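The primary structure of each chain is shown beneath.
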Amino acid sequence: MEVVLIIGFALLFFALVMASIALHEIGHLVPAKLFGVKVTEYFVGFGKKMWSTRRGETEYGIKWLPFGGYVRLVGMYPPAKDDGKKRSWLTRLADDARAYEWDEIRPEDDGRLLYQQKTWKKIVVMLGGPMMNILLAFAIFLGINLLHGTYQPNLVVAHVSECVIRADREDRTCSADDPPTPAVEAGIQVGDEILSFNGTELHSWDQMSALIRDNRDGEASVIVLRDGERVELPTVYTRLNYVADNLDPTRFVEAGFFGVSPTQELVKAGPVGTAQQMWQMTKQSVVALSSFPVRIYNVAEDLVLGNPRDLNSPISIVGASRVAGEIGVTDQLEVPERVASWFSLLGSVNLFVALLNLVPLLPLDGGHIAGAVYEWFKRRIFRLFGRPDPGHVDTAKGLPVVYVVGGFLLLGGLVLIIADVVAPISLL
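Please read all numbers here as calculations on a predicted model, not as lab measurements.

**Quick word on the overall build of the chain**
In step 1: If you tally the helices and strands in the chain, you get eleven helices and twelve strands.
In step 2: Its C-alpha atoms give the chain principal-axis dimensions of about 80 × 65 × 45 Å.
In step 3: Expressed as a percentage of its 428 residues, the buried residues of the chain come to 41%.
In step 4: Working note: accessible area of the chain is about 23,500 Å², and carbon and sulfur atoms make up 62% of it.
In step 5: Measuring between centres, the 40 positive side-chain charges of the chain sit 14 Å from its 48 negative side-chain charges.

**Let's talk about the environment of Arg380**
In step 1: Inspection of the secondary structure puts Arg380 in helix α10 (residues 365-384).
In step 2: According to the relative accessible area criterion, Arg380 is partly exposed, its value standing at 34%.

**Some words on unusual backbone geometry**
Backbone phi values are negative for most residues with the exception of glycine, while trans is the configuration of most peptide bonds.
In step 1: Note the cis peptide between Leu362 and Pro363, where omega equals 10 degrees.
In step 2: When you line up the elements, Pro363 lands in the loop between α9 (335-357) and α10.
In step 3: Backbone geometry places Asn198, a non-glycine residue, at a positive phi of 50 degrees.
In step 4: Among the secondary structure elements, Asn198 is positioned in the loop between β4 (193-197) and β5 (200-201).
In step 5: A residue is classified by how much of its surface remains accessible, and Asn198, at 35% relative accessible area, is partly exposed.
In step 6: With phi around 55 degrees, Asp227 is a residue other than glycine that occupies positive phi space.
In step 7: Following the sequence through the fold, Asp227 ends up in the loop between β7 (222-226) and β8 (229-232).
In step 8: Classification of Asp227 by relative accessible area gives exposed; the value is 78%.

**Structural notes on the packing of aromatic side chains**
In step 1: All told, the structure shown has ten aromatic pairs when counted by the stated rule.
In step 2: Relative to Trp120, the ring of Phe35 lies with its centre 5.4 Å away and its plane at 75 degrees, an arrangement referred to as edge-to-face. A residue pair is termed long-range when its members are at least 10 positions apart, and Phe35 in the loop between α1 (2-34) and β1 (39-55) and Trp120 in helix α3 (residues 119-147) qualify at 85 residues.
In step 3: Between Phe292 and Phe352, the aromatic rings sit 6.1 Å apart at their centres with planes inclined by 55 degrees, giving tilted as the arrangement. Separated by 60 residues along the polypeptide, Phe292 in helix α7 (residues 292-305) and Phe352 in helix α9 bring together distant segments of the chain.
In step 4: Owing to a relative accessible area of 13%, Phe292 belongs among the buried residues under this scheme.

**Some thoughts on the environment of Thr395**
In step 1: Inspection of the secondary structure assignment puts Thr395 in the loop between α10 and α11 (399-422).
In step 2: Put simply, Thr395 and Ala94 are 301 residues apart on the chain and 8.4 Å apart in space, counted from C-alpha to C-alpha.
In step 3: Those residues in contact with Thr395 that lie beyond four places of it in its chain are Met76, Tyr77, Pro78 and Leu362.
In step 4: A polar contact is formed between the side chain of Thr395 and the backbone oxygen of Met76, at a distance of 3.3 Å.

**Quick word on the pairing of β4**
In step 1: In terms of burial, β4 is a largely internal element, four of the five residues being buried.
In step 2: Alignment of β4 against β7, held across four bridges, turns out to be antiparallel. Across the sheet, the residue bridging to Ser196 is Ile223, located in β7.
In step 3: Pairing between β4 and β5: two bridges, direction antiparallel. Following the sheet pairing, Phe197 is matched in β5 by Thr200.
In step 4: Counted along the chain from β4 to the antiparallel partner β5, the turn is two residues long, and its residue Asn198 has a positive phi close to 50 degrees.

**Here we look at a nonpolar patch on the surface**
In step 1: A surface patch of nonpolar side chains, amounting to about 740 Å² of accessible area, comprises Phe46, Met50, Trp51, Ile62, Trp64, Leu65 and Phe67.
In step 2: Listed by contribution, the elements that provide at least two residues to the nonpolar patch are β1 and β2 (58-73).
In step 3: Sort the elements by how many residues they give to the nonpolar patch and β2 lands first, with four residues.
In step 4: Take Ile62: it is sitting in strand β2.
In step 5: Residue Ile62 is classed as partly exposed on the basis of its relative accessible area, which comes to 37%.

Conventions used here
- Residues numbered from 1 in each chain as written.
- Predicted model: local features only at pLDDT ≥ 70, side-chain atom pairs only at ≥ 80, totals over all residues.
- Heavy atoms only, no water.
- Helix = DSSP H or I, 4+ residues; strand = E, 2+ residues; numbered from the N terminus.
- Buried < 20%, exposed > 50% of the residue type's maximum accessible area, 1.4 Å probe, protein only.
- Areas by Shrake-Rupley, 256 points an atom, 1.4 Å probe, with all protein chains shown as cover.
- Lys, Arg positive; Asp, Glu negative; His and termini not counted.
- Charge placed at Lys NZ, Arg CZ, Asp CG, Glu CD.
- Phe/Tyr/Trp six-rings, centres within 6.5 Å; stacked < 30°, edge-to-face > 60°.
- Contact = heavy atoms within 4.5 Å.
- Polar contact = N/O pair within 3.5 Å; in protein donor to acceptor, adjacent residues only side chain to side chain.
- Pairing = 2+ DSSP bridges.
- Patch = residues over 30% accessible without salt bridge, like charges linked within 9 Å, V, L, I, M, F, W, Y side chains within 5 Å.
- Salt bridge = Lys/Arg side-chain N within 4 Å of Asp/Glu carboxyl O.

These results come straight from atomic positions and should not be treated as a statement about function.
Dropping the structure here:
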């Protein structure tokens, strides 16, 4: 029965992710329709058609491979310029793609083609998809924060580490060679509330953590609240240690170390708190995206060599669905925590989809936005210097980038799916 429930929760999660992708494409579709751009297709999935219907000039439907979706906006590529020069392989490649699209363009479509739209309209159309996912993520996290809350670290000490151990060391047992932590030397006790560090009044655990890291191996003077009384502890020295980076947990940095862990408190929040939470997640996701190819390679290498899977490695939609299935049935969490964790994972996927699509490379939405901004900037520069209008930027010449980026995403997705089947990550 448990296996059936895991599969059921996993399939439900997958279905909601596909619904999120469908809404992502609606984020493109609606402004395109409002601006009068010709839209011929709106499909969820790829491959052969499962079902479709036509409303006006647009065919809406579902395809058999549920790994994405698309809206076909007519006129992505401007007509070719005849400059009399010899046609290079790049130009011929662009012309082939252009010819395929222009086969369905009619004289009455003039003015409705995407490349003809004003820059701000093109940006709105392309930004609509990622913004839809950001709004979905915000709605999900806001619902969690209002109805349940999110566990946040506070300044009450839950655990005191006995010795200084490098964060990347597998054996977490103290040995005779490991020095005591500054917290032990200062006499910190479980249940103490840390009020100040080196004279700075503390308001959050993150603030204290940053102060300790920046203190490196300097003097540390701590005041705590113990049994209702302020207690000034003996001055000690924080120790240099290798700890996980705040934005990239796969990377270890040298920083100050004190040796205490916080108590987790369930905190409810409104729109402002939710926005702050998402901003922190966004910074972490941007760091992860900047090293995404390396992370994919590491997953592939570990898979081939049979190494243990890094818990911080990326996962595919298959892996995320599997984790969602496990969350749905685990007895390690109470029902409210399970529901909050399940939807939190869904919100995280939506936020990641938005940020991935904002990467300024074709064929991602960010690549089209970058092309529109580049065209606007180029035409303004030419006008400033009194030169003839250079016209529209030929985005069809970016097809090699499309193939490289698209090929990497396809191959990377395949690697992650295989890894999620062979060596799945379990968050519980």
